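Letter by letter, the chains look like this.
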Amino acid sequence: MLVEDYEELFGMSVDERKQSIQLNPTIVEDLLEGVGKEDAAIRDQLNYRLFIQLLSENTLSEKMINQFVERLSADQGLLANIGESGTSTVFQRSYSALYLAAIVNADRQLSYLNKEQLEQITQNAIDLLTKEQDLRSYVNLQSGWAHSVANACELLCAIIEHPEYSIRFTFQILQAIRANLWKDYVFIDDEEERFSNVINALVVKGIGEDLFIEWFEQLYDQLEAVAYEQGYNALWFKARTNQLNLSKTLYFYLKFANRNEKLRSIVSIFIQRWLKLD
């Protein structure tokens, strides 16, 4: 679509937009083509904005939403050229996650997605978070934000909060977060908050504390093991920084919510130990 086409749709009433979409179903295909555009002005301010407006107005039919799910949930979306770094394909992966997060959130009321679709989205969101190697957040003025890791977390939060979330994915999700701590990169744009949001969503879901305690123990066991086997190299220090940032953020999430005292206490012990505060 041209900029003028977007502006024309924005200028319509809700009923006029709905009629226009029904009469011109190719608009959905145009929106799909614009998901991962490198130009932030088109991708964010026009394409994504229009999609969210149509979704919030219930203008998109079940068939149309399924078009988005089918295209964005696998190799043409979440996993498009996964493993690449420094290329424009990161926008397709990242924004596929953002669109799907909006769809999953809306589906709590719409109930369009079946179990198989939700599980496919879940598995591929985990794979995206685990395998993403392009860790850039803000790229430049023209391209805007990539932030694939952050948007993968956004999608996982939406999935976890969905009533049909399957708890069998919980450990895989935690391990995907763990993988990011060891990507030889220190996150600088509040990604630890995104990781904590995912963990907090799992905690709120009512999953037992023992799983999270065991996971945290494994995180710091790995730090000790790598230091022993490889020494205090750059990879180790970056992982330590990421883990402490995550731990501190999650501790305050739990503290301010006044929940999970046992988990909170364990996290606090690790923070004190690794900051040498005891």
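Our structure is the block above this text.
So, a few notes on the structure that sits alongside this text. Source: prediction; values computed, not measured. (Residues numbered from 1 in each chain as written. Predicted model: local features only at pLDDT ≥ 70, side-chain atom pairs only at ≥ 80, totals over all residues. Heavy atoms only, no water.)

### Topic: the overall build of the chain
Link 1 in the chain: Of regular secondary structure, the chain possesses 13 helices and two strands.
Link 2 in the chain: Taken against the 2.2 N^0.38 rule, which gives 19 Å for 278 residues, the C-alpha radius of gyration of the chain at 20 Å falls within 12% of a compact globule.
Link 3 in the chain: Viewed in the frame of its principal axes, the chain has a C-alpha envelope of about 65 × 35 × 30 Å.
Link 4 in the chain: By residue count, 50% of the 278 residues in the chain fall in the buried class.
Link 5 in the chain: Long-range contacts, defined as pairs at least 24 residues apart, comprise 76% of the intrachain contacts of the chain with a sequence gap of at least 6.
Link 6 in the chain: Surface accessibility of the chain: about 13,100 Å² in total, with carbon and sulfur atoms responsible for 48%.
Link 7 in the chain: Averaged over its 26 positive side-chain charges, the chain has a centre that lies 6 Å from the centre of its 41 negative ones. (Helix = DSSP H or I, 4+ residues; strand = E, 2+ residues; numbered from the N terminus. Rg over C-alpha atoms; globule rule 2.2 N^0.38 Å. Buried < 20%, exposed > 50% of the residue type's maximum accessible area, 1.4 Å probe, protein only. Contact = heavy atoms within 4.5 Å. Areas by Shrake-Rupley, 256 points an atom, 1.4 Å probe, with all protein chains shown as cover. Lys, Arg positive; Asp, Glu negative; His and termini not counted. Charge placed at Lys NZ, Arg CZ, Asp CG, Glu CD.)

### Things to note about helix α13 (residues 261-274)
Link 1 in the chain: Here α13 spans 20 Å end to end across 14 residues, near enough to the 20 Å set by a 1.5 Å rise per residue.
Link 2 in the chain: Among all positions of α13, only Leu263, Arg264, Val267, Ser268, Phe270, Ile271 and Trp274 are buried. Each buried residue of α13 lies within a common arc of 165° when the element is viewed along its axis, so the set occupies one face.
Link 3 in the chain: For α13, the elements touching its buried residues are α10 (191-204), α11 (209-230) and α12 (234-257).
Link 4 in the chain: Looking one or two residues past α13, Lys276 carries a phi angle of roughly 60°, positive in sign. (Expected span 1.5 Å × (residues − 1). Arc of directions from axis to C-beta.)

### Some words on the nonpolar core
Link 1 in the chain: Counting residues in hydrophobic clusters, the biggest one holds 90 residues, and the most contacted among them are Phe68 and Leu155.
Link 2 in the chain: With 12 residues, the top contributor of residues to this core is helix α6 (residues 89-110).
Link 3 in the chain: Not counting residues within four places of it along the chain, the set of residues in contact with Phe68 comprises Val28, Leu31, Leu32, Phe51, Leu60, Ser73, Tyr99, Leu100 and Ile103. (Core = buried A, V, L, I, M, F, W, Y, C linked by side-chain atoms within 4.5 Å.)

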